[in-house]
Amino acid sequence: MKSIHMLLAGVAVLVAPTTAAFAQEGEVRAQEATTTSVNDDAYSDNEIIVSATRRDQAAQDVPLAVSVVGGEQLANAGVVDIRGIQQLAPSLKTTTGQSSATGAVLSIRGIGTAGDNPGFEPAVGVFIDGVFRSRAGVALAELPPIERVEVLRGPQGTLFGRNTSAGALNITTQKPKFELGGYVEASYGNFDEIEVKAGVTGPVSEQLALRLDGGYHKRDGYIRDVNSDNRINNIDRYFVRGQALFENEDVSFRLIGDYAKTDESCCGAVNTLSGLSIFPGIDATSSSALALVGTNIIRGFAGVPSLGGTAGTIGIPNYTPGSRDMAVTPGRDLAEAVNEWGVSGELNWDFGAATLTSITAYRDWDAKRNQDIDFSGLDRAYRDNYRTSIKDFTQELRLQGTAFNDRLDWLVGGFYLNEKLTLNDTVRFGAQADQYVDGVIRELTRSAGLPSGLQLFGTLGPATPLFGQVALATNPALAAAAAGNPALFGLFNSPLPRTPNGAGQQNDAYKVDTQAFAAFTHNIINFSDRLSLTLGLRYNYEKKDIETDLNSVVPACAFFQNPATAPYRAALQGAGLLNSAFLLTCNPTVNSEFNGVRSGDRSESEFTGTAKLAFKVSDDILVYGGYDRGYKSGGYNLDRGSFDSVLLGGNGAQIEDLEFGNETVDAYEFGIKTNFTRQFQFNASLFYSDFKNYQSNRFSGTNFVVLNFDKLVSKGVELESIIRPHPDLAFNLGYTYVDAKATDASPLAGGDNGRQASNQPKHTITGAMTWTPEITPGVGGLFHVDFRQQSDAFPLNDPLARRFTANDGFGIVNLRAGVNFGDGKYSIEGYVENLFDTYYNITAFPIPEQGNSFAVYPSPPRFYGVKVAAKF
């Protein structure tokens, strides 16, 4: 708990200016003031308008847990995509696992949906200009100029299109303007970082304005492959975005089209060499022994040509905490390319008595990936040309107005989603697949008392006997049977059929079509000027159709599935080696037993809603409390590893094996918002969220499985203070305490049962200071610093993993300073991200087929550079 004293000190600073209260967060940006006199007029433009309830309201008047981050504050913090928003919102946490395209995870209040599988939908929804982005990775492109970001905490079960059980990011970008303007900015930094952005906007007529924005961003990677000296986790992407805005007295229509492309190498993982640590008292056949064996084999075999390796190849580099070195097999890579485009149209038509809003959108997102999935220089397994595509058509309609002399603010609407998801997976064995298996079997049988050990494929030479030969020599009854049966004799005196390079999934094809309908109403009843009741109800219906066409070719799988090899399997079973031998040679991810064409469907319906009571104690104090019912739909885990093998006692491949159920949440919240002066705000909230059937995608040691936890409770407190002692100076402080624990009796729950949710700190503090003084007439300054400090957290709750992957409390500080001149038309700034070059583990995972070996995804190092900009 190295950071607890700093955390407590930060909380003291946060709450010192006010009396003890619990309230809700509402972050506001510091806008430039036109005067330096300290009076209410100087602060009159600080009120932030949000659309969190699909109505334009002042953030301090919304009885909802929402943080608001303005565009200038995002720019000052160096935020280029949604992952950076966590630096300014303590209840939000973002992580990226083995893929930035498909492995990005957003969490709010400790709740998020993890897993590198597009079959899982996010617990935190992302909406950009009212359009739903169906997966977190789909929203990771460079952000265009932003007006504001609203971080809505808690289930959004009534509004915001798609169901989200934990919260939502509502991102509003800058619209076209009816006056000519534009900007161009360029940055250069360490790691050869280059970023260029430009845009122009202006009127075509009195009723039509256009806008065009674009940007390019590149940066070298910060993780080194010790075999090729290539750099991983680089940036290479661009975007272009065009808009048209039509407005008259009654109608506005906004048309947006965008295209973005990335071509990068992601995501590097570093082996912690935990496999070299055998714990006292652990049996030699345990997973910890396998970790030791696997690590030593990889390090010993990778660079040996006679064992299929490439001379000079490093299997696993030496490791010290904070290392950013990894080993990739020569000829393999972590290439990741994403192409996405979309078009949307938003119509707002004021009929006088009511306003109609229609948002129609189509999004097309495609990702292609390669991956060295043994996470070493040994050519055990890889992924080649993995492809996934998501095509979404969404339509949202809302009609809203007021009645009974504005006592009732009513809204009714509907939402439709048609999503077509395709996935083509290609997990394959490499050139050293059999050597690795033989090495593992040899060491495990040596540890069991056989000095020379045993092997299955015969890749280690004659000094190590085949398992079948030893079984035949040590079993008189079997030897007698084989003497009169040439086929049986040959079975036990022959190695297993060799695995060619490229064996495995030839093309596992999945297709999931989703149709979702929702009808909702969201109403505010104003009993008086001070007392209001918000009631919302939503009906959700969803249907998913799945088709799979799985094709894997692995000779060892065919061998074990052949009835004629039953005596060999029985001998392995008698020696206690069947499970290990079968899972190593015929991993569930490539098991050809599961080949074939299958289809299925599932449908579900659910009511969700909200009820909140708000009371304005005075013009400066709002107190509210209420209940939300949230929901996230079930679906299909697109991984053949979810099937269970008949050879290991299962019932074979059933389409239902891929299915997982929906999760629901009952959330309660009490909050207070205060705005005693234009110079000071303080908000806070208490929350309690009870999740049922919480969805968790987890690695079992050989494959990914889905677990619906019986129960997960997230509870805590959120505080925020905004202090503006001068129009040129603003402080934003936030604190979140989260206690999020799962309860489930299933053995698959493992270390997560009863512990803090993985990778979720209990305490998080964020803060920002922005100072924009006038240096001389026409020349202004900028000094901005922001930080995020969190307490200890464990990316993995496995008791053995904690020692190697835990994060002690740490803080990240960003700094930006510069000057502007020409009345703000020109500027030059210097920036530093991660000022103190702090290291932490973004997340971690158990390495496949290596027992209790764990790898971590390392954090970015310190970045710094200079930015110049001009605008008109």
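The rules behind these values
- Each chain has its residues counted from 1, following the order in which its sequence is written.
- Note on the predicted model: pLDDT of at least 70 is required for a residue's local features to be given, and 80 or more for side-chain atom pairs to be given and counted; whole-chain, interface and lining totals, by contrast, use all residues.
- The basis for every side-chain value is the complete set of heavy atoms in the structure, and neither hydrogens nor water enter the calculation.
- Each helix is a run of H or I in the DSSP string that is no shorter than four residues. Each strand is a run of E no shorter than two, and both are numbered from the N terminus.
- Residue contacts follow a heavy-atom distance rule, with two residues in contact if any of their heavy atoms lie within 4.5 Å.
- Here the Shrake-Rupley method, with its probe set to 1.4 Å, supplies the accessible areas, and only the displayed protein chains count as covering residues.
- Each residue's exposure class comes from its accessible area (1.4 Å probe, protein chains only) as a fraction of the maximum for that residue type: buried when under 20%, exposed when over 50%, partly exposed otherwise.
- Read the arc as the range of directions from the helix axis to the C-beta atoms.
- The rule for pairing is simple: two strands pair if DSSP sees at least two bridges between them.
- Two rings from Phe, Tyr or Trp (for Trp, the six-membered ring) form a pair when their centres sit within 6.5 Å of each other. Planes less than 30 degrees apart are called stacked, planes more than 60 degrees apart edge-to-face, and all others tilted.
- Cysteine sulfur atoms that come within 2.5 Å of each other are treated as a disulfide pair.
- Grouping into patches uses exposed residues only, defined as over 30% relative accessible area, and leaves out salt-bridged ones; the cut-off is 9 Å for like charges and 5 Å for nonpolar side chains (Val, Leu, Ile, Met, Phe, Trp, Tyr).
- By definition here, a salt bridge exists when the distance from a side-chain nitrogen of Lys or Arg to a carboxyl oxygen of Asp or Glu is within 4 Å.
- pLDDT is defined as a per-residue confidence score from the predictor, taking values between 0 and 100.
- Definition used in this section: a nonpolar core is a set of buried Ala, Val, Leu, Ile, Met, Phe, Trp, Tyr and Cys residues joined via side-chain atoms within 4.5 Å.
- Polar contacts, as used here, are pairs of N or O atoms within 3.5 Å; protein pairs need one atom able to donate a hydrogen and one able to accept it. Residues neighboring in sequence count only if both atoms are side-chain atoms.

**A few points about the overall build of the chain**
And step 1. In terms of regular secondary structure, the chain is built from eleven helices and 44 strands.
And step 2. Restricting the contact set of the chain to residue pairs at least 6 apart, pairs at least 24 apart contribute 70%.
And step 3. Here the chain displays about 32,300 Å² of accessible surface, and carbon together with sulfur accounts for 57% of that area.

**Re helix H9 (residues 566-574)**
And step 1. Considered for burial, the residues of H9 that qualify are Tyr568, Arg569, Ala571 and Leu572. Buried residues of H9, viewed axially, fall in a sector of 160°; they line one side.
And step 2. In this fold, the buried residues of H9 make contact with helix H5 (467-473), helix H7 (486-492), helix H8 (555-561) and helix H10 (578-585).
And step 3. Gly576 occupies a position one or two residues after H9 and carries a positive phi of about 75°.

**What about the pairing of strand E17 (residues 251-265)?**
And step 1. Both strand E16 (residues 235-247) and E17 contribute to a ladder of eleven bridges, which runs antiparallel. Bridge pairing in E17 places Gly242 opposite Gly257.
And step 2. As consecutive antiparallel partners, E16 and E17 are separated by three residues.
And step 3. Two strands pair when backbone bridges link them, and E17 and strand E20 (residues 335-350) are joined in this way by 15 bridges, in the antiparallel orientation. Paired with Arg254 across the bridge in E20 is Glu346.

**Observations regarding the packing of aromatic side chains**
And step 1. In this structure the tally under the stated criterion is 24 aromatic pairs.
And step 2. Here Phe467 and Tyr568 contribute two aromatic rings whose centre-to-centre distance is 5.6 Å and whose plane-to-plane angle is 75°, an arrangement assigned as edge-to-face. Of this pair, Phe467 sits in helix H5 while Tyr568 sits in helix H9, and the two are 101 residues apart along the sequence.
And step 3. Accessibility expressed as a relative area gives 4% for Phe467, which makes it buried.

**Observations concerning the sheet that holds strand E15 (residues 231-232)**
Working definition: the strands of a sheet are paired by backbone hydrogen bonds and lie parallel or antiparallel to each other.
And step 1. Taken together, three strands build an open sheet; the order of strands is E15-E14-E19 and the sheet is mixed. Both edges of this open sheet fall to E15 and strand E19 (325-326), since each of them pairs with a single strand only.
And step 2. Relative to E19, strand E14 (residues 223-225) runs parallel, the two being bridged by two bridges. Counterpart to Asp225 in the pairing with E19 is Met326.

**Describing the pairing of strand E30 (residues 621-632)**
And step 1. As judged from the nine bridges shared by strand E29 (residues 596-618) and E30, these two strands associate in the antiparallel manner. Across the sheet, residue Lys612 finds its bridge partner in E30, namely Gly626.
And step 2. Counted between consecutive antiparallel strands, the loop separating E29 from E30 contains two residues.

**Quick look at the state of the cysteines**
And step 1. Considering all chains together, one arrives at two disulfides under this definition.
And step 2. Put simply, Cys266 and Cys267 are joined by a disulfide, and their sulfur atoms are 1.9 Å apart. Its S-S torsion of about 80° marks the bond between Cys266 and Cys267 as right-handed, since a negative value means left-handed. Cys267 matches Cys266 in its accessibility class, with the two residues each being buried.

**Quick word on a nonpolar patch on the surface**
And step 1. Together, Tyr188, Ile775, Val819, Phe821, Tyr826, Ile828, Val866 and Val868 line one region of the surface with nonpolar side chains, adding up to about 690 Å² of accessible area.
And step 2. Looking at the nonpolar patch, the elements with two or more residues in it are strand E40 (810-821), strand E41 (826-833) and strand E44 (863-871).
And step 3. One can find Val819 in strand E40.
And step 4. A relative accessible area of 34% places Val819 in the partly exposed class.

**Some details on the confidence of the model for the chain**
And step 1. For the chain, mean pLDDT is 87; residues scoring 70 or higher make up 89% of the total.
And step 2. Contacts from residues 1-45, a stretch scored under 50 in pLDDT, to residues over four places away or in other chains number 139 contacts.
And step 3. Predicted confidence is poor over residues 278-285, with pLDDT under 50, and the contacts of this stretch with residues over four places away or in other chains come to twelve contacts.

**Digging into the nonpolar core**
And step 1. Counting 55 residues, the largest nonpolar core has Leu456, Phe467, Phe492, Tyr568 and Leu572 as its most contacted members.
And step 2. Here this core gets six residues from one element, more than from any other, and that element is helix H4 (residues 433-447).
And step 3. The contact partners of Phe467, leaving out residues within four places of it in the chain, are Leu454, Gln455, Leu456, Tyr568, Ala571, Leu572, Ala575 and Leu577.
And step 4. In terms of nonpolar packing, the next biggest core, distinct from the first, is built from 31 residues, Leu88, Ala89, Ile108 and Ile111 among them.

**Remarks on the sheet that holds strand E43 (residues 854-858)**
And step 1. Strand order across the open sheet formed by three strands is E18-E43-E42, with antiparallel pairing between neighbours. Edge positions in the sheet fall to strand E18 (270-271) and strand E42 (841-846), since each of these pairs with one other strand and no more.

**Points about the environment of Pro567**
And step 1. Summarising the element assignment, Pro567 is placed in helix H9.
And step 2. Classification of Pro567 by relative accessible area gives partly exposed; the value is 32%.
And step 3. Sequence-wise, Pro567 and Leu491 are 76 residues apart; in three dimensions their C-alpha atoms are separated by 8.9 Å.
And step 4. Beyond its immediate sequence surroundings of up to four residues, Pro567 is in contact with Leu488 and Phe492.

**Here's the deal with the side chain of Asn637**
And step 1. Relative to the helices and strands, Asn637 resides in the loop between strand E31 (635-636) and strand E32 (659-660).
And step 2. Asn637 gets classed as buried once you look at its relative accessible area, which sits at 0%.
And step 3. Side-chain polar atoms of Asn637 contact the side chain of Ser642, separated by 2.6 Å.

**A closer look at the pattern of salt bridges**
And step 1. One pass over the full model with this rule turns up 46 salt bridges.
And step 2. Arg629 is paired through a salt bridge with Asp666; the nearest N and O atoms lie 3.0 Å apart. Note that Arg629 is positioned in strand E30 and Asp666 in strand E33 (residues 663-677), a separation of 37 residues in sequence.
And step 3. Linked by salt bridges that have partners in common, Arg109, Arg153, Glu669 and Glu718 make up one network.

**Structural notes on unusual backbone geometry**
Trans peptide bonds make up most of the peptide bonds, and negative phi angles are found at most residues other than glycine.
And step 1. Residue Cys266 is joined to Cys267 through a cis peptide bond whose omega torsion reads 10°.
And step 2. In this model, Asp823 sits at a positive phi of 55°, which is unusual for a non-glycine residue.
And step 3. Secondary-structure assignment places Asp823 in the loop between E40 and E41.

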